Structures are given as structure tokens and as C-alpha cells.
Amino acid sequence: MTQTPAFDKPKVELHVHLDGSIRPETILYYGRQRGITLPADTAQELQNIIGMDKPLTLPGFLEKFNYFMPVIAGCREAIKRIAYEFVEMKAKEGVVYVEVRYSPHLLANAKVQPIPWNQAEGDLTPDEVVSLVNQGLQEGERDFKVKVRSILCCMRHEPNWSLDVVELCKKYRQETVVGIDLAGDETIQGSSLFPGHMKAYEEAVKNRIHRTVHAGEAGSAEVVKEVAATWAAGPFSPLRPRPSPGLPTSLQAVDKLKTERLGHGYHTLDDELLYDRLKKQNMHFEICPWSSYLTGSWNPDTDHPVVRLKNDGANYSINTDDPLIFKSTMNTDYQMIKQMGLTEEEFKRLNINAAKSSFLPEDEKRELLGQLYKAYGMPPPASAAGQHL
């Protein structure tokens, strides 16, 4: 029996990983095509092995990618196909705009050191990976009528890739790419401040490339301090507080990466002063409810951070993160927060705020907002692309 959708109106998704959204059938197909052994022979068996039903640690969750990434990485046809199928999947979920993120280096087998997933060296570079993903996304956008853009990920454990990532953001900014992210194992001590990441984000700021960062998921509020920027005064304003040399390293790093959005950010709420500051700055939180449960980022014996964000009228979105591994859809996350007391009116509000916090150019953002206001039966405010609701 098909479950009734918790929210059957158009949705915006800002935090979802391409390599965490692959169809099990596609993994099986390329495993057979490429002669790569998989731990299952059917899509259902594979889904059960890759997928999660109970919480793991964040590093334990990341281990899941070892099962299937060697099948997709290094294969041009597979990379384009997973991008195309991703858009099809989002269309079925009622998503009208999505920003999908991935690491080009984790899908390449040339001009990347170390070569990931124990692949032999080949001839597929990170640059060509981005081109292939763009082709798949653009063809999906055409066929399924979903507006889709992409975010390129730096990886915490490979800071030597990050300058390459920002150069790819610059090169492909007119072909789906709208931003840069820092992803991977947040428990790696001090990884936000590795020089490669910091230089890449400095270059992103200089070139007006939008920025988001995974922070405050498994890591503490201190990690958020390392990446959060004081945007109310502008990125280069003399009014922005500067770190004092007398403060601990984490506090010196408060605005190092100058992020515009926070991926997850749950543990920001552990530091009331930090949370209050970011809320006043209209920081956008990319919330992934079901993910937060399965990665152990949220303690289910406590209220979920989304309840606090809702009560405070904060700026946040609802996202699936890695639906392949979490065996989920957008409806999974909306059903979860509906049970926490969030209403359809709140669903409308958070999707409008997601559109306002998207990395689209202002004219395209206004068009997206107009689409949402019309679908929600809401009159557009005088300044549709302004402050969050």
C-alpha cells in the first residue's frame, strides 16, 4: 500500500549526495558489465547490505560507500547515467529544484592522487567527471522538468584536492555548478582548517563562488565556529569581528571558511551564543532528519534540533542526504518531522526559505519563488527574494 505523502506540494532540496542516491539496479548492472564483484545478486539484497536500518557512527556510515563506489568510479557511461537517473528520482518525489553535491575526485581514476577505491590508473579526470555529470543533469532537467544545479565537494581527508575543486567550480559555473562544499569525516581533528581547504575557500570567496560546509553533524559546535562567517556585516567588512591571538585555535577560526549555509549543523544548538549569532545572521541549516538518526548525529531521547529551529522561526530546509543508504525518499523525512508536530504551513515556510537560500542567481531565485507561492496559494511578498519567513 502506497503511503500518503506528508507534503504533496512542490519541494526544494539543497543537501543530497549524488553518490548516495544511486539506484541499486544501476550498481548491479555496472558491476556485471565491468566484472566487479558485489556482495549481492539482486537489487533488494544489495539494498539491504548497503542500506541502514539502525544507527551507526558517521565513520561507520561512510564505510558503506566502499561496497559500490568502485563499480561507478572511472566509468563514463555510469557517471552520466547516475546523474540522469537522479533527476528522474527527484521528479517522482515532487522536487522542483535541487542542488546535488558530489566529489569529482572520488569518481575519477586519472589526475587524482591517491586514486580512490583501489582503482587502476585510467584516463578519466575530475574535470571530465564534472562534464559528464553536467550532461546527465541537463538531460534529466530537460526530460523530467526539474531544475537542477550541482555543488562540488572538497573532502576533509584529502586537502590536496581542494584547490582543484574550486578551479572546477570556476570553470563550470555556467554549466550547473553553483557552489563548493567540504564533506567527509568531520571527526578528523582540525580538518576544517587544513591549508588546502582554507586556500580553496579563500579562492571561492574571491571569485564569488557560493559556499556550504558539513559542520556540527558528528562534530561539536566548535567545528561550526571554524567555518561560520559573520555575513550581516559582509564578507570583507571591517565591522566583522577578527579572531584574537589570545583565543584557542577553534575560536581564532570562527570565520575562516566563510560558509553561507551549514550542512546539518545540529550541534550548533549545543552552544547558545553561537546558535543565537547564526540565527540573527539568517544562517541556513541544511537539515536531514532521517540521516541524523541513522548516523547517530541526533540522540532520539531528546527533541530533534528541527523542533527548536521551527519554534524559533529559523532558516532551514529538509533534505534526504543519502537516500540509497538510508533507504529513504523525501517523504521519509517529511513523515518523520510531521510526527514531531511540524505542519503543512511550516513545510511551505521551510521550502520558501530553502528557495531563498539556494545558490541560484537572483533572477532564477525569484522565478522559483514565484512557482512556489503559486503552488502554495500564497501571495508573493513585495520582496520575494528577501529575508527568510
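A brief structural summary. (Residues numbered from 1 in each chain as written. Predicted model: local features only at pLDDT ≥ 70, side-chain atom pairs only at ≥ 80, totals over all residues. Heavy atoms only, no water.)

On to the sheet that holds strand 5 (residues 210-215), then. Across the sheet, which stays open at both edges, the eight strands sit in the order 1-2-3-4-5-6-7-8 with parallel pairing between neighbours. Strand pairing shows two members of the sheet lacking a second neighbour, strand 1 (11-17) and strand 8 (316-318), which therefore form its edges. Strand after strand, the sheet turns through a mean of 25° between neighbouring axes, direction not considered. Helix 17 (residues 362-376) rests against strand 1, strand 2 (95-102) and strand 3 (147-155) of the sheet, and its axis sits at about 135° to strand 2. (Pairing = 2+ DSSP bridges. Helix = DSSP H or I, 4+ residues; strand = E, 2+ residues; numbered from the N terminus. Axes fitted to C-alpha atoms, helices over the stretch in contact; angles between N-to-C directions. Contact = heavy atoms within 4.5 Å.)

What follows covers helix 4 (residues 65-72). When helix 4 is considered as a whole, its buried residues turn out to be Phe65, Phe68, Met69, Val71 and Ile72. All buried residues of helix 4 lie within an arc of 155° about the axis, which places them on one face of the element. Among the structural elements, helix 1 (24-34), helix 2 (43-50), helix 3 (58-62), helix 5 (76-92) and helix 14 (323-326) are those in contact with the buried residues of helix 4. Of the residues flanking the end of helix 4, it is Gly74, one or two places downstream, whose phi is positive at about 85°. (Buried < 20%, exposed > 50% of the residue type's maximum accessible area, 1.4 Å probe, protein only. Arc of directions from axis to C-beta.)

Moving on: the packing of aromatic side chains. Considering all chains together, one arrives at twelve aromatic pairs under this definition. Seen in terms of ring centroids, Phe7 and Tyr334 are 5.8 Å apart; in terms of plane orientation they differ by 25°. Their pairing is stacked. Taken together, the residues span a long stretch of sequence, with Phe7 in the segment before strand 1 and Tyr334 in helix 15 (residues 330-338) at a distance of 327 residues. Taken as a pair, Phe7 and Tyr334 share a single burial class, namely buried. Site record: aromatic cluster; members linked through ring pairs are Phe7, Tyr334, Phe347 and Tyr376. Arg81 extends its terminal NZ or CZ atom over the ring of Tyr29, reaching a point 5.0 Å from the ring centre. The residue whose ring lies beneath Arg261 is Phe359, and the NZ or CZ to ring-centre distance is 3.8 Å. (Phe/Tyr/Trp six-rings, centres within 6.5 Å; stacked < 30°, edge-to-face > 60°. Lys NZ or Arg CZ within 6 Å of the ring centre and 35° of its normal.)

This part takes up the environment of Thr302. Take Thr302: it is sitting in the loop between helix 12 (289-294) and helix 13 (305-311). A polar contact is formed between the side chain of Thr302 and the backbone oxygen of Asn299, at a distance of 2.7 Å. (Polar contact = N/O pair within 3.5 Å; in protein donor to acceptor, adjacent residues only side chain to side chain.)

To continue, consider unusual backbone geometry. Residues Gln113 and Pro114 are joined by a peptide bond in cis, for which omega reads -5°. Take Pro114: it is sitting in the loop between strand 2 and helix 6 (126-144). You will see that Asn282, though not glycine, has its phi angle at about 65°, which is positive. Examined against the element boundaries, Asn282 turns out to sit in the loop between helix 11 (272-280) and strand 7 (284-287).

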